[in-house]
There are 2 protein chains.
Amino acid sequence: MKPTIYDVAKEANVSIATVSKVINNTGRIGEKTKNRVLDIMKELEYQPSSLAVALTGKKTFTIGVLVPDIANPFFAEVARALENNARKSGYALILCSTDYQLERENDYLELLIKKQVDGLIIATEPKDLKQFKNLNNRKIPFVMFSFDHLALESNVVTTDDIRGGYLAGRYLWEKGHRNIAVITETQRASGHLRLEGFKQSFVDEGMDFSNTLVIQAKSKIEEAKEAAHQILKMEKLPTAVFATTDLIAAVFINEARKAKVSVPHDLSVIGFDNTIHAEMVEPGLTTIAQPITDLARYAIHQLMESIEKPDMPAHRMMLAPTLIERESVRDLNKKNSLT
Amino acid sequence: MKPTIYDVAKEANVSIATVSKVINNTGRIGEKTKNRVLDIMKELEYQPSSLAVALTGKKTFTIGVLVPDIANPFFAEVARALENNARKSGYALILCSTDYQLERENDYLELLIKKQVDGLIIATEPKDLKQFKNLNNRKIPFVMFSFDHLALESNVVTTDDIRGGYLAGRYLWEKGHRNIAVITETQRASGHLRLEGFKQSFVDEGMDFSNTLVIQAKSKIEEAKEAAHQILKMEKLPTAVFATTDLIAAVFINEARKAKVSVPHDLSVIGFDNTIHAEMVEPGLTTIAQPITDLARYAIHQLMESIEKPDMPAHRMMLAPTLIERESVRDLNKKNSLT
DNA sequence: AAGTTTTGGTTAAGCGCTTAACTATTAATT
DNA sequence: AATTAATAGTTAAGCGCTTAACCAAAACTT
């Protein structure tokens, strides 16, 4: 059987309180006893049960992570970054993919509450606000990751999507593109924000954006292909396409090649997220990078803070995205140049 | 404060034992009281603390998942599939990326033991067997996922990698390929097994495999590129390349295109894993699919079994991979055909 | 030498639940 | 009507830990 604090205490001829104190380095314990207890703990391979520890009014050192789908590379990378940061503070992550389904969202939320997680990172947009407000009532701290919702009283750590869109737009403008098509992802609000910023960058240059083709698609291969076809079969092709996720952009590049449209020679493409797709596709995808590492670090940091100090006011931080230049956008100002 | 069983009991004018019984549907409780208690539980939004439940000698309903890196699409998909299955039984997953590092492996194992997980799914090859044998001693059930290790007494659920390699080899042979290069992944033993099977398929046809070029590379973009270059700069190109992971294969395809080598016209490529890379690359990658869904289902099932019946003998199951035909392999028997 | 601190512990209650053992009703049996 | 059996619930111990409150012995005071 797993040894308990009693086993250690008996072996060391002390009370369990003493053992507890050496474990936590609290109270006053003599050097000799301390070392004896320590030795015995090692010998018995004793590990305090975090269940019992948690039950005694302390923390569970567990945080719940709600993502739409961990199989999506973006969220997989997010999970990894969160994990790295949580680990440093001794926290474990319980992973939950909601799959954009209300039922799963509720089930998982209930599960996590039962498990007494110390806090949550929520990277999936709520289907049902009620459950999330419940978190507020129960004083369970959480931070919204990469999305925002004014109805929820909590920390927010997100990429500045509007700015990201703006960056993409300005870059395309600078490279001389005026005739553009956009494919926006529909499942997350960020898709709209990115479009918003993108549009703004053109409006700022005095361009009329109103008759720009905007297609909606989920960030799934099939829908992305369809959206790509819609664009590729136009009588007059745009000179550039802005896709609000890398997956959509990468699929577009592949479909373009199949349609004998060369990227970036005939058509430029810019994406968003800087996931592995951007690196894997050929030509490499110029894209707007979300600062995943920083997002994760701040998110965990904020969460830890509000776990420690429950009535800390909720911050909203928007981290700046950056443009990653690869080979998928052509500079129309340089004649005959391929890049 | 979070309501406890005492709050419910007081409100319902019964003892906590009664409440406990209606929660768990054990013992004999009258209809009226039962409903009253149920109502009050709902009203108070009472959720039993799984900590306390677990401490009372029952299960934690948590399982630990050890993967090398959740940001790797293959493991992300695995995690997702595991999650789906675990969820059905009310289990939560604690996610741990070992990053192939001994230290992280040990830290996480310790963490999981402290947390009293009911069992583990281990999808990362042990750096240090000692820690894993410890699991055996502590009677913590685990199943080895997609790798095998004879020193460890436990359930194994894995893809039949040898057979997968064989499948790939036979397919290439049937398509008329005789001059082949292989890029094998080095971080996981499965890479060698896949090569083994691949080789065997050629040997079975009476071909001498000994002077076939075999390059080693980690399943990382940079190393894959380098391996690709090694092959692409050969004076006489092989007719086909077998890469033991899709990532390596996809990178190869992209590098080939840059080198003006057309896949599959000039050179065929076959991969392994059937991850999202296989779908995203252009042309679509013909590859050996690991039966992730089935693997996950069996793994969770086996784990549940050995949680319920601790002295069940350990099974080793090897699930059959299947060949997924896309467009990256050319049939050399059909003259002038591109596929 | 008697009083005061300091040191190094111990005792016991409590965290939120489960469960074996028990008890008090009510119903069934003859 | 007396005995047995079933029903509906209660009591209390225990899971493995933390922590406030307490205490005995050793070490300083003056």
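Here the structure is a predicted model, which means the values were calculated and not measured.

On to the overall build of chain A, then. In terms of helices and strands, chain A carries 13 helices and 12 strands. For a compact globule of 339 residues, the expected C-alpha radius of gyration is about 20 Å, and chain A comes in at 26 Å, more than 25% above that figure. With the C-alpha coordinates of chain A rotated into their principal frame, the extents come out at 85 × 40 × 30 Å. Relative to its full complement of 339 residues, chain A shows a buried share of 55%. Contacts spanning at least 24 positions in sequence make up 69% of the contacts within chain A whose residues lie at least 6 apart. Averaging the coordinates of the 43 positive side-chain charges in chain A and doing the same for the 44 negative ones gives two points 4 Å apart.

Let us look at the relation of the copies chain B and chain A. With an axial shift of 0.0 Å and an RMSD of 0.0 Å, the rotation relating chain B to chain A amounts to 180°. Between the two chains, the operation in question is that of a two-fold axis. Considering only C-alpha atoms, the part of chain B nearest the rotation axis is I94 of chain B, at 2.3 Å. A shared binding surface is used by both copies, with 100% of the interface residues of chain B retained as interface residues in chain A.

Taken together, 26 residues surround DNA strand D, and among them I5 and S20 of chain A together with T18, G30 and T33 of chain B come closest. Protein-proximal atoms of DNA strand D, defined as those within 4 Å of the protein, fall in sugar or phosphate at a share of 60%. A distance of 2.8 Å separates a phosphate oxygen of DNA strand D from a polar atom in the side chain of S15 of chain B. Within the contact set of DNA strand D, a phosphate oxygen lies 2.5 Å away from a backbone nitrogen or oxygen of G30 of chain B. Contributing elements (two or more residues each) for the surface near DNA strand D: α1 (5-12), α2 (16-24) and α4 (50-55) of chain A together with α2 (16-24) of chain B. Sort the elements by how many residues they give to the surface near DNA strand D and α2 of chain A lands first, with 5 residues. Along the lines of polarity and charge, the residues of the surface near DNA strand D split into 12 nonpolar, 10 polar and 4 charged.

This part covers empty space enclosed by the protein. According to the stated counting rule, one finds 2 cavities of 30 Å³ or more in the structure shown. L51 and T62 of chain A together with L51, T62 and K115 of chain B are the residues nearest the centre of the largest cavity, which is lined by 14 residues in total. At the level of elements, α4 of chain A together with α4 (50-55) of chain B are the ones that each hand at least two residues to the lining of the largest cavity. The volume enclosed by the second largest cavity comes to roughly 100 Å³. What lines the second largest cavity is a set of 13 residues, among which N254, M280 and V281 of chain A together with M280 and V281 of chain B lie closest to the centre. Elements with a minimum of two residues in the lining of the second largest cavity: α11 (246-258) and α12 (276-280) of chain A together with α11 (246-258) and α12 (276-280) of chain B. Along the lines of polarity and charge, the residues of the lining of the second largest cavity split into 6 nonpolar, 4 polar and 3 charged.

Ranked by internal contacts, the top residues of the largest apolar core, which has 58 residues, are L82, I121 and F145 of chain A together with L82, I121 and F145 of chain B. Listed in part, the 40 residues of the second largest apolar core include L135 of chain A together with I94, Y108 and M144 of chain B.

Here the focus is the domain arrangement of chain A. Splitting chain A by domain gives domain 1 (5-48), domain 2 (62-159 + 292-319) and domain 3 (161-290). If you average the C-alpha positions of domain 1 of chain A and of domain 2 of chain A, the two centres end up 37 Å apart.

Inspection of the entire model under this criterion finds 14 aromatic pairs over all chains. Aromatic pair F198 of chain B and F202 of chain B: ring centres 5.2 Å apart, planes at 45°, arrangement tilted. Taken together, the positions of F198 of chain B and F202 of chain B, both in helix α9 (residues 190-204) and 4 residues apart, correspond to about one turn of that helix. Of the residues examined, F198 of chain B reaches a relative accessible area of 0% and is grouped as buried. Cluster of aromatic residues (ring-pair linked, three or more members): W173, F198, F202, F209 and F242 of chain A. In this structure, R178 of chain A packs its charged tip against the face of W173 of chain A, placed 3.5 Å from the ring centre. Over the ring of F272 of chain B we find R194 of chain B, and its NZ or CZ is 3.8 Å from the ring centre.

On the surface, D7, E11, D39 and E43 of chain A cluster together into a patch of negative charge. Residue placement: D7 of chain A occurs in helix α1.

Right, let's talk about the layout of surface pockets for a bit. Put simply, the second largest pocket is a space of about 1,600 Å³. Forming the boundary of the second largest pocket are 49 residues, of which M1 and K2 of chain A together with Q116, R138 and I140 of chain B lie nearest the centre. Counting residues per element, the ones that place at least two in the lining of the second largest pocket are α1, α2 and α4 of chain A together with α4, α7 (129-137) and α13 (292-308) of chain B. Of the residues assigned to the lining of the second largest pocket, the class counts are 24 nonpolar, 15 polar and 10 charged.

Next up on the list: the protein's contact with DNA strand C. T18, K21 and T33 of chain A together with I5 and S20 of chain B are the nearest of the 26 residues found near DNA strand C. Take the atoms of DNA strand C that sit within 4 Å of the protein: sugar and phosphate atoms are 63% of them. Separating a phosphate oxygen of DNA strand C from a side-chain N or O atom of S15 of chain A is a distance of 2.7 Å. Contact distances for DNA strand C include 2.2 Å between a phosphate oxygen and a side-chain N or O atom of T18 of chain A.

Quick notes on the rules
- Residues numbered from 1 in each chain as written.
- Chains lettered and ligands numbered in written order.
- Predicted model: local features only at pLDDT ≥ 70, side-chain atom pairs only at ≥ 80, totals over all residues.
- Heavy atoms only, no water.
- Helix = DSSP H or I, 4+ residues; strand = E, 2+ residues; numbered from the N terminus.
- Rg over C-alpha atoms; globule rule 2.2 N^0.38 Å.
- Buried < 20%, exposed > 50% of the residue type's maximum accessible area, 1.4 Å probe, protein only.
- Contact = heavy atoms within 4.5 Å.
- Lys, Arg positive; Asp, Glu negative; His and termini not counted.
- Charge placed at Lys NZ, Arg CZ, Asp CG, Glu CD.
- Least-squares fit on C-alpha atoms with pLDDT ≥ 70 in both.
- Near = heavy atom within 4 Å.
- Polar contact = N/O pair within 3.5 Å; in protein donor to acceptor, adjacent residues only side chain to side chain.
- Nonpolar A, V, L, I, M, F, W, Y, C, P; charged D, E, K, R; others polar.
- 1 Å grid on protein atoms, 1.4 Å probe; cavity = no way out; pocket = protein on both sides within 12 Å on 5 of 7 lines; lining within 4 Å.
- Points joined across faces, edges and corners; volume = space filled by probe spheres on them.
- Core = buried A, V, L, I, M, F, W, Y, C linked by side-chain atoms within 4.5 Å.
- Domains from an automatic or database assignment.
- Phe/Tyr/Trp six-rings, centres within 6.5 Å; stacked < 30°, edge-to-face > 60°.
- Lys NZ or Arg CZ within 6 Å of the ring centre and 35° of its normal.
- Patch = residues over 30% accessible without salt bridge, like charges linked within 9 Å, V, L, I, M, F, W, Y side chains within 5 Å.
- Areas by Shrake-Rupley, 256 points an atom, 1.4 Å probe, with all protein chains shown as cover.
- Salt bridge = Lys/Arg side-chain N within 4 Å of Asp/Glu carboxyl O.

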